[in-house]
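Structural overview
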Amino acid sequence: MPLDKSSPNLDALLLATLLEIELSDRDRRVAKKRYHYIPEHLQRPSSPLRIYVDDAVIYAQGSRAIGATIVHGADEDRFDLDAVLEFPRPMGWSISRVLDELHAAFEGFPDVQHIERCTRCVQLQFAFMHLDVTPMDPATEPRIERVGAIYHSPDNGNDELFDVNPYGFATWFNGSVSPPTLAFQKQLKDMREQIVQRDRFISTTFRADAEIEDLPVETHPLRDAPQVISLKLMKRFLNLRYAKRKEKRPISVYLSKVAAQVPLNLNGLCSQLEDLAAALAQRMVIAIETGLWPAERNPALLTENFNDRWPTSIQEMVMFRDDLEHLVYELQRARRSEFVEIRKIFRGLFGETVTESAVRSYLSQASNPTGQSRFQPGKGFVAAPALISPARTGAANTPKAVPHSFHPGRLKKMKRRAKPRSPEAQLSRMERRWPLLKPRMMGGGQFLQWLGPIRGFQMEYRVSICWDWQTPDSFPLAFVLNPEIRPRPGERYIDIPHLRFDGQAPENSALCLFDPDTGEWDHSMWIADSTVPWTSEWLHHYELWHVDGQWRGKSAPGPNCVGATTPQDLETTNA
């Protein structure tokens, strides 16, 4: 089992991806203003609905009601909002006439580029935003709160009424999802402050545009809940998968119900997204094998079938199942891949533009750490500790990684600074903290070696840590066994930063993990608290270095690799 059980750095990238597909504060203010302008526009003197909507009620449904709004993905910067317009159907009006009159009533709405009359709603199309307004005829009193009938009027086929309760579903969803912890909310808040979210809306001719900056920003209390985050990432993934297909994507309300039913996974966001994909795939497998098609019901109105329009064929379910299995496969592949490969995986899952922005945000965080590096049992090295939930109060105290600087590769002999830890003590400490690193004696008992897995960013490496405990000026050496370290394309082994370079077998070079000139390691230190976390940190920065050639770890003064060492450096080092 890998040391990094919960994939914290993969979760950090998922969070950075999430922030790239969210709306900025100003975008949400503009959307709110347009949303609230609907009643005023429909009640203007020239509106064909003016006398029918005096007491109309308008409220959010869909993603806006549950905190799951994202940019679409296929249309990179577009996002969709949904609203219900609740008013009694005028006497004598047909189903199609209600939609036709609502379409006419929206003529002249500020900033709208196109108004489309759809099967069940009227869609207002703005730059970067679609607003779907669904008219609903409220049920006869007494009724369950907000229950009514929506109008279904296709181009081909019969007009119908469907009983629905979107308000009740949103209430059920919000009560079913596990809220985010305060610590997790604060971490995401800090991330949003560090990442400049691009405004998609610019100042327009909208009549109330000058007031937009003064509007409070409405934040849904569950937008940072892990189940909601997994839903948003799933929607983004599916938007891209279906962008060039003629088949319809599974409707969002179906995905939303399943997301709320998937239990909270304490192992992190990647695991939560995998669980959602697995739950949806399982439903497809059962439906395909049994012939019992999905029929998810609204918990607030059991007569409402969320699958009344999807799926329409076995082929659609097979396609959806295959997409979900692909998502799980790629996430699992990312867990054991180097950063360069993870970047490619994320491009395929969430889009190139979003992924590149997320990667830049992550690398920026790795380059400017907000605090001391953490390396915890079962976690590995966390380069961006602010992104990961801290241990719960009362948890066992875990030492932080000892501060250090990576060295360019030519080490002077160590001086004994303190009484060394005994081999028995080092073995006991290592067994308690890193049981997967298995010890053995070598050289007739002169050398202690630990073999086992250590994580970098996300890739697991088999590592050897060797200690000549009987030699006074020795120090532990870390070697990467599998996969072997390698230079960047077009470069040499001597260009790899911070190696104790072996000219005969460069791939077997030890790692330079500390600066001996500043006393960052001495024989009184625990190998479990220094060499192991430093090795994980080296591997983490090594993977990031393969992305762009930049070493983001703290380095000792001077060149960071043997290839950049001058003859003067060598003379000074070997003195």
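Residues numbered from 1 in each chain as written. Predicted model: local features only at pLDDT ≥ 70, side-chain atom pairs only at ≥ 80, totals over all residues. Heavy atoms only, no water.

1. Details of the environment of Gly-443
Mapped onto the elements of the fold, Gly-443 is located in the loop between β12 (438-442) and β13 (447-455). Overall, the relative accessible area of 56% leaves Gly-443 in the exposed class. C-alpha of Gly-443 to C-alpha of Asp-468: the two residues are 25 residues apart in sequence and 9.5 Å apart in space. (Helix = DSSP H or I, 4+ residues; strand = E, 2+ residues; numbered from the N terminus. Buried < 20%, exposed > 50% of the residue type's maximum accessible area, 1.4 Å probe, protein only.)

2. Considering the confidence of the model for the protein chain
Counting all residues, the mean pLDDT for the protein chain is 83, and 83% of those residues have values of 70 or more. Segment residues 1-6: pLDDT under 50, and 26 contacts once partners within four positions in sequence are set aside and those in other chains are kept. Below a pLDDT of 50 lies the segment residues 205-217, which in the model reaches 27 contacts outside its immediate sequence neighbourhood of four places, other chains included. (pLDDT = per-residue confidence, 0-100. Contact = heavy atoms within 4.5 Å.)

3. Considerations on the environment of Ile-144
Secondary-structure assignment places Ile-144 in the loop between β5 (129-138) and β6 (148-152). For Ile-144, a relative accessible area of 51% puts it in the exposed group. Spatially, the C-alpha atoms of Ile-144 and Ala-300 are 8.9 Å apart, while their sequence positions differ by 156 residues. In this structure, Ile-144 is in contact with Asn-165 and Ala-300, ignoring residues within four places of it in sequence.

4. With respect to the pairing of strand β4 (residues 122-126)
For β4, a buried count of five out of five residues is recorded, marking the element as mostly surrounded by other parts of the structure. Burial along β4 is two-sided: the face carrying Val-122, Leu-124 and Phe-126 and the face carrying Gln-123 and Gln-125 are both buried. Summarising the sheet, strand β3 (residues 114-117) and β4 pair through four bridges and their orientation is antiparallel. By the bridge assignment, Arg-117 is partnered in β4 with Val-122. Count of turn residues in the β3/β4 antiparallel hairpin: four residues. The hairpin formed by β4 and β5 contains two residues between the paired strands, and Phe-128 there has a positive phi angle of roughly 75 degrees. (Pairing = 2+ DSSP bridges.)

5. Overview of the packing of helix α10 (residues 269-290) against helix α11 (residues 314-335)
Interhelical geometry of α10 versus α11 gives an angle of 150 degrees and a closest axis separation of 9 Å. Considered as vectors, α10 and α11 are oriented roughly antiparallel to each other. The handedness of the crossing between α10 and α11 is left-handed. The residues of α11 that touch α10, namely those facing Cys-270, Ser-271, Leu-273, Glu-274, Ala-277, Ala-278, Leu-280, Ala-281, Met-284, Val-285, Ala-287 and Ile-288, are Met-317, Val-318, Phe-320, Arg-321, Leu-324, Leu-327, Val-328, Leu-331, Gln-332 and Arg-335. (Axes fitted to C-alpha atoms, helices over the stretch in contact; angles between N-to-C directions. Parallel < 35°, antiparallel > 145°, perpendicular 65-115°, else oblique. Left-handed = near helix turned anticlockwise from the far one by under 90°.)

6. Focus: the sheet that holds β13
Spatially, the four strands line up as an open sheet ordered β12-β13-β14-β15, and their pairing is antiparallel. Each edge of the open sheet carries a strand with a single partner, namely β12 and β15 (477-482). Neighbour-to-neighbour, the strand axes of the sheet open up by a mean angle of 25 degrees, direction not taken into account. One ladder, built from nine bridges, connects β13 with strand β14 (residues 460-468); its direction is antiparallel. Note on β14: the bridge partner recorded for Arg-455 is Glu-460. On top of the sheet, helix α15 (residues 531-548) reaches β13, β14 and β15; it is set at about 140 degrees to β14, its chief contact.

7. Quick notes on unusual backbone geometry
Following Glu-141, the chain continues into Pro-142 via a peptide bond in cis, with omega recorded as -5 degrees. One non-glycine residue, Asp-111, lies in the positive phi region at around 75 degrees. Of note, Asp-111 is situated in the loop between α4 (95-105) and β3.

8. Examining α15
For α15, spanning 18 residues, the distance from its first C-alpha to its last is 26 Å, which sits close to the expected 26 Å at 1.5 Å a residue. Following α15 by one or two positions, Gly-549 has its phi on the positive side, about 80 degrees. (Expected span 1.5 Å × (residues − 1).)

9. A look at the nonpolar core
Phe-106, Met-234, Leu-280, Phe-320 and Phe-339 are the most contacted members of the largest nonpolar core, which has 105 residues in total. A total of ten residues in this core trace back to one element, the largest contributor, which is α10. The contacts of Phe-320, once residues within four sequence positions are left out, are Leu-238, Tyr-242, Pro-250, Tyr-254, Leu-255, Leu-280, Met-284 and Trp-310. (Core = buried A, V, L, I, M, F, W, Y, C linked by side-chain atoms within 4.5 Å.)

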